[in-house]
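# Tertiary structure, described
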Amino acid sequence: MSPQFGARLVVAITPEDVGRRVTVRRVDTGGFRDAVGVLESWTGGVLTLRRRDGSTVEIAEASMVAAKIVNPPPRASSTGG
């Protein structure tokens, strides 16, 4: 019988990370959902993330199962051509 390996889910962000780019995995009625964006606020148990397209998503702190800070998205290259 082979051993089973599972991912360890860790919430590694805090309200002090407002202004940083984060990824958040949360549990939803249909399973897990992910959101990536700049953490704009974390008040009253609700996180607000601004996505790259400018839209915002609100996430209940109690629904988070994993979260971490991520690097900024890569810049689009300009290869004049």
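Keep in mind that this is a model prediction, so the values were computed, not measured.

What counts and how
- Residues numbered from 1 in each chain as written.
- Predicted model: local features only at pLDDT ≥ 70, side-chain atom pairs only at ≥ 80, totals over all residues.
- Heavy atoms only, no water.
- Helix = DSSP H or I, 4+ residues; strand = E, 2+ residues; numbered from the N terminus.
- Areas by Shrake-Rupley, 256 points an atom, 1.4 Å probe, with all protein chains shown as cover.
- Pairing = 2+ DSSP bridges.

### Digging into the overall build of the chain
Helix and strand counts for the chain stand at 0 helices and 5 strands. Listing each helix as α and each strand as β along the chain from the N terminus yields β-β-β-β-β. Summing over all exposed atoms, the chain offers an accessible surface of approximately 6,100 Å²; the carbon and sulfur share of this is 51%.

### A few points about the pairing of strand β3 (residues 46–50)
Strand direction decides the pairing type here: strand β2 (residues 31–43) and β3, joined by 5 bridges, are antiparallel. Residue pairing across strands places Trp42 opposite Leu47, the latter belonging to β3. Bridging between β3 and strand β4 (residues 56–60) involves 5 bridges; their strand directions are antiparallel. Following the sheet pairing, Arg50 is matched in β4 by Thr56. Here β3 folds back onto β4 in antiparallel fashion, the turn holding 5 residues, of which Gly54 has a positive phi close to 95°.

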